[in-house]
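Given next are the chains, with one letter for each unit.
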Amino acid sequence: MPRTARDVVFVDGVRTPFGKAGPKGIYAETRADDLVIKAIRELLRRNPSLDPARVDEVAIAATTQIGDQGLTLGRSAALLAGLPKSVPGYSIDRMCAGAMTAATSVAGGIAFGAYDIAIAGGVEHMGRHPMGEGVDPNPRFLSEKVVDESALFMGMTAENLHDRFPHLTKERCDAYAVRSQEKAAKAYANNKIQPDLVPVAVRRTNEAAGETGWGLATVDEPMRPGTTLESLAGLKTPFRPHGRITAGNAAGLNDGATASLLAAEDVARELGLPVKMRMVSYAFVGVEPEVMGIGPVPATEKALRQAGLTIGDIGAFEINEAFAIQVLSMLDHFGIADDDERVNPYGGAIAYGHPLASSGVRLMTQLARRFEERPDVRYGLTSMCIGMGMGGTVIWENPNFSEGGK
């Protein structure tokens, strides 16, 4: 009997505050799996009409699947979060787009009818597990010139992107970074971010005093309000002498977790669950690894073709800010101004941080917030570049859309 694909909706999304990686970061003594467990529990708490036994799958991403980010994280996190033992789970790795891939993967199962409801998310504790920990790249990559050496270092690929688009100057990137910080500070001031943050109890050790105590992480640690062009101008360029990529116009090394609920639209409405976004199409595309940051361009073009839309139909953009040059290269390609109000209105990863595999759901949660505020916007997208030369884009429809915007 032929199947009919079902509409898939984004029900809800939450995340932990993002922290700075390293011994002084807020999560220095917190396990990675505990971060994602906290996010899953918060999803269930926020949606009491959902019987946990109705969850059909848990897909959790991590780039470095080792230690407390290993052991089939989706299954182990589901068990530790208190979901019934009947709920399965699995792990995903698509580097920066891990959580995005978790969401699109379970969406395929929902559309096909294999699932009704699923949890998708990601975690990265870069303080415990730096990107590349334990990996052994095949020597053929370099010996057979499959890729240039720079392809294995994300900051170097961003410098390569500057080489390709010299009109996208460091000054433009710094100006973009300043706006990201300003928009994030304004979003916090207007309480746009906090409703979807999960407070996390954290243990902190004061080595000087020889004391250990507990605190509560409630805000994103990486934000730098008050950043100016002048303060960014003199920062070091660690990936190339006299380069253009700095700690100020790129996302940092971060810790954090995200989780989301996706469901068949008919099931969500039957259970009284919120319907915040409707998935329209998605695409993942490969590009030259040496210019990884251009990945969102062909991914967006493919997703638009699949949806029968044009870039002019998109009224809201949430683009991951791994590097400012990566965002600007996408905007430049589509003829969108650097400061277009449709793009990252609450700020992005340059301000909040980018705990690799978790970031895709942060983009979705912020787009859902935008849809709620803007019923005049029908379509939006979430997009990101991906390590080893890929890009991913998901196009969403606003269920609150009305022609009059009310």
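Bear in mind the structure is a predicted one, so any value in this text is a computation, not a measurement.

When its secondary structure is counted, the protein shows twelve helices and twelve strands. Its C-alpha atoms give the protein a radius of gyration of 20 Å, within 12% of the compact-globule value 22 Å for 406 residues. Looking at the protein residue by residue over its 406 residues, the buried ones come to 57%. Excluding contacts between residues fewer than 6 apart, the proportion of contacts in the protein whose partners are at least 24 apart in sequence is 78%. Here the protein displays about 16,500 Å² of accessible surface, and carbon together with sulfur accounts for 53% of that area.

A separate point is the UniProt feature "domain: Thiolase C-terminal" (unreviewed entry) in the protein. With numbering matched to this structure, UniProt assigns "domain: Thiolase C-terminal" (unreviewed entry) to residues 275-397. As a span, residues 275-397 carries 33% helix and 26% strand, and end to end its C-alpha atoms are 11 Å apart.

Moving on, we come to the packing of helix α5 (residues 154-164) against helix α10 (residues 324-333). At their nearest, the axes of α5 and α10 sit 9 Å apart, and the two run at 40 degrees to each other. Between α5 and α10, the angle is such that the two are oblique. α10 is crossed by α5, and the crossing has left-handed handedness. Counting all contacts with α5, which are made through A158, L161 and H162, the residues of α10 involved are I325, Q326 and S329.

Applying the stated criterion across every chain yields a total of three aromatic pairs. Where Y188 meets Y352, the ring centres are 6.5 Å apart and the plane angle is 35 degrees; that geometry is what we call tilted. Within this pair, whereas Y188 is found in helix α6 (residues 170-189), its partner Y352 is found in helix α11 (residues 349-352), the two being separated by 164 residues in sequence. Take Y188 and Y352: they sit in the same class, and that class is buried. Taken together, a centroid distance of 6.1 Å and an interplanar angle of 65 degrees make the contact between Y282 and F284 edge-to-face. Here Y282 falls in the partly exposed class, since its relative accessible area comes to 34%. The side chain of R15 reaches across the aromatic face of F18, ending 4.4 Å from its centre. The side chain of R94 reaches across the aromatic face of F284, ending 3.8 Å from its centre.

What follows concerns the nonpolar core. I40, V58, L83, L262 and W396 are the most contacted members of the largest nonpolar core, which has 79 residues in total. Discounting residues that sit within four places of it in the chain, L83 has contacts with I40, L44, P52, V55, V58, A78 and I119. Judged by nonpolar contacts, the second largest core, of 41 residues, contains F165, L232, A250 and I294.

Now for the side chain of T157. Locating T157 in the fold gives a position in helix α5. Take T157: its relative accessible area is 1%, and that puts it in the buried class. For T157, the contacting residues outside a window of four places in its chain are S150, A151, P289, E290, V291 and M292.

Going through the model one piece at a time under the given rule, you end up with 28 salt bridges. R240 is the partner of D163 in a salt bridge, and the nearest nitrogen-oxygen pair spans 3.0 Å. Placement of D163 in helix α5 and of R240 in the loop between α7 (229-233) and β8 (254-264) is noted, with a sequence separation of 77 residues between them. R278 is paired through a salt bridge with E397; the nearest N and O atoms lie 3.3 Å apart. Of this pair, R278 sits in strand β9 (residues 277-286) while E397 sits in strand β12 (residues 390-397), and the two are 119 residues apart along the sequence. Per residue, the accessibility class of R278 equals that of E397, and both read buried.

Rules of the game
- Residues numbered from 1 in each chain as written.
- Predicted model: local features only at pLDDT ≥ 70, side-chain atom pairs only at ≥ 80, totals over all residues.
- Heavy atoms only, no water.
- Helix = DSSP H or I, 4+ residues; strand = E, 2+ residues; numbered from the N terminus.
- Rg over C-alpha atoms; globule rule 2.2 N^0.38 Å.
- Buried < 20%, exposed > 50% of the residue type's maximum accessible area, 1.4 Å probe, protein only.
- Contact = heavy atoms within 4.5 Å.
- Areas by Shrake-Rupley, 256 points an atom, 1.4 Å probe, with all protein chains shown as cover.
- UniProt positions renumbered as here; feature names shortened; annotations may be inferred.
- Axes fitted to C-alpha atoms, helices over the stretch in contact; angles between N-to-C directions.
- Parallel < 35°, antiparallel > 145°, perpendicular 65-115°, else oblique.
- Left-handed = near helix turned anticlockwise from the far one by under 90°.
- Phe/Tyr/Trp six-rings, centres within 6.5 Å; stacked < 30°, edge-to-face > 60°.
- Lys NZ or Arg CZ within 6 Å of the ring centre and 35° of its normal.
- Core = buried A, V, L, I, M, F, W, Y, C linked by side-chain atoms within 4.5 Å.
- Salt bridge = Lys/Arg side-chain N within 4 Å of Asp/Glu carboxyl O.

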